[in-house]
Amino acid sequence: EELVFKSQDLLKEAMISKERELMQKFFSELKNNGNVVYGFEETKKALEAGAVYVLLLSEEFNWLHVKFRYNCGFTTEKDLPKYLVEKQKCPNCGQKLIEEESKELSDELVEKASSFGVKIEYISTETSEGIHFKELGGIGAFLRYKI
């Protein structure tokens, strides 16, 4: 039991070390205008173009695809962070939204990445690099080629 307990600590340290190394490489590439993208729209476009070889997702990435309906009859669909869902207002009448349905975008992105054979790395917020990545939107990618 003691051996198993100690090995868990070592595995966690190794995972954190690997994550730090990955994030340092990402930020270095970003700083040097390398083959990386970040942010939901940019990463989604790169993924759809088949340019991504490693998809990076923060464990706290919480974007949703939401279908809205308004009292005036206006309907729309949007991709946005969860915290912005309740702040949406109708551009026609200014009324608050009625959320008809929503789904997690991380599931859709992971499914699309898997279909292209893209490696997926989840980034925790246990390191300063992971927190910084979350503040950049919590999503990014290493690219096969510049787009």
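In the block above lies the structure referred to throughout.
Just so it is clear, the model here is predicted, and its values are computed rather than measured.

Reading guide: rules and limits
- Residues numbered from 1 in each chain as written.
- Predicted model: local features only at pLDDT ≥ 70, side-chain atom pairs only at ≥ 80, totals over all residues.
- Heavy atoms only, no water.
- Helix = DSSP H or I, 4+ residues; strand = E, 2+ residues; numbered from the N terminus.
- Rg over C-alpha atoms; globule rule 2.2 N^0.38 Å.
- Buried < 20%, exposed > 50% of the residue type's maximum accessible area, 1.4 Å probe, protein only.
- Contact = heavy atoms within 4.5 Å.
- Areas by Shrake-Rupley, 256 points an atom, 1.4 Å probe, with all protein chains shown as cover.
- Lys, Arg positive; Asp, Glu negative; His and termini not counted.
- Charge placed at Lys NZ, Arg CZ, Asp CG, Glu CD.
- Pairing = 2+ DSSP bridges.
- Polar contact = N/O pair within 3.5 Å; in protein donor to acceptor, adjacent residues only side chain to side chain.
- Axes fitted to C-alpha atoms, helices over the stretch in contact; angles between N-to-C directions.
- Parallel < 35°, antiparallel > 145°, perpendicular 65-115°, else oblique.
- Left-handed = near helix turned anticlockwise from the far one by under 90°.
- Nonpolar A, V, L, I, M, F, W, Y, C, P; charged D, E, K, R; others polar.
- Core = buried A, V, L, I, M, F, W, Y, C linked by side-chain atoms within 4.5 Å.

**Describing the overall build of the chain**
In step 1: On a plain count of helices and strands, the chain comes out with four helices and seven strands.
In step 2: Ordered by position from N to C terminus, the α and β elements of the chain give α-β-α-β-β-β-β-α-β-α-β.
In step 3: Taken over the C-alpha trace, the chain has a radius of gyration of 19 Å; the compact-globule value for 147 residues is 15 Å, which it surpasses by more than 25%.
In step 4: The proportion of buried residues among the 147 residues of the chain is 37%.
In step 5: In the chain, the share of contacts with a sequence separation of at least 24, taken over all contacts with a separation of at least 6, comes to 69%.
In step 6: Put simply, the chain shows about 9200 Å² of open surface, and 49% of that area lies on carbon and sulfur atoms.
In step 7: Treating the 21 positive side-chain charges of the chain as one cloud and the 26 negative ones as another, the clouds have centres 5 Å apart.

**Focus: the pairing of strand S2 (residues 52-58)**
In step 1: For S2, the buried fraction is high: six of the seven residues fall into the buried class.
In step 2: Alignment of S2 against strand S7 (residues 139-143), held across five bridges, turns out to be antiparallel. By the bridge assignment for S7, Leu56 is matched with Gly140.
In step 3: Pairing geometry for S2 and strand S6 (residues 119-123), over five bridges, is parallel. Across the sheet, residue Val54 finds its bridge partner in S6, namely Lys119.

**Topic: the environment of Ser128**
In step 1: Within the secondary structure, Ser128 sits in helix H4 (residues 128-135).
In step 2: Between the C-alpha atom of Ser128 and that of Glu42, which follows or precedes it by 86 residues, the distance is 23 Å.
In step 3: Of the polar contacts made by the side chain of Ser128, one reaches the side chain of Glu129; its length is 3.4 Å.

**Section: the sheet that holds strand S5 (residues 98-104)**
Backbone hydrogen bonds are what pair the strands of a sheet, in a parallel or an antiparallel way.
In step 1: Reading across from one edge, S4-S3-S5 is the order of the three strands in this open sheet, with antiparallel pairing throughout. Looking along the sheet, the strands with just one partner apiece sit at the ends: strand S4 (75-81) and S5. When strand polarity is set aside, the average angle formed by the axes of neighbouring strands in this sheet is 25°.
In step 2: Where strand S3 (residues 63-69) meets S4, seven bridges bridge the pair, whose relative direction is antiparallel. Bridge assignment links Arg69 to a residue of S4, and that residue is Thr75.
In step 3: Its contacts with the sheet put helix H3 (residues 105-115) on S3, S4 and S5, and the angle it makes with S5 is roughly 35°.

**Brief notes about the packing of helix H2 (residues 40-48) against H3**
In step 1: Close contact between H2 and H3 brings their axes to 10 Å; oriented N to C, the two are set at 25°. Between H2 and H3, the interaxial angle falls into the category roughly parallel. Note that H2 runs across H3; the crossing there is left-handed. Mapping the contact onto sequence places Phe40, Leu47 and Glu48 in H2 and Leu105, Leu109, Lys112 and Ala113 in H3.
In step 2: Along the lines of polarity and charge, the residues of the contact of H2 with H3 split into five nonpolar, no polar and two charged.

**Observations regarding the nonpolar core**
In step 1: The biggest cluster of nonpolar side chains holds 18 residues, and the ones touching the most others in it are Phe40, Val52, Leu55, Phe61, Leu109 and Ile139.
In step 2: Elements with a minimum of two residues in this core: H2, S2, H3 and S7.
In step 3: Top contributing element to this core by residue count: H3, with four residues.
In step 4: Once residues within four sequence positions are removed from consideration, Ile139 is found in contact with Tyr38, Gly39, Phe40, Thr43, Leu55, Leu56, Leu57, Phe61, Leu109 and Phe133.
In step 5: Residues Leu22, Val36, Val54 and Phe133 belong to the second largest nonpolar core, which totals ten residues.

That's the geometry; what it means functionally is another story.
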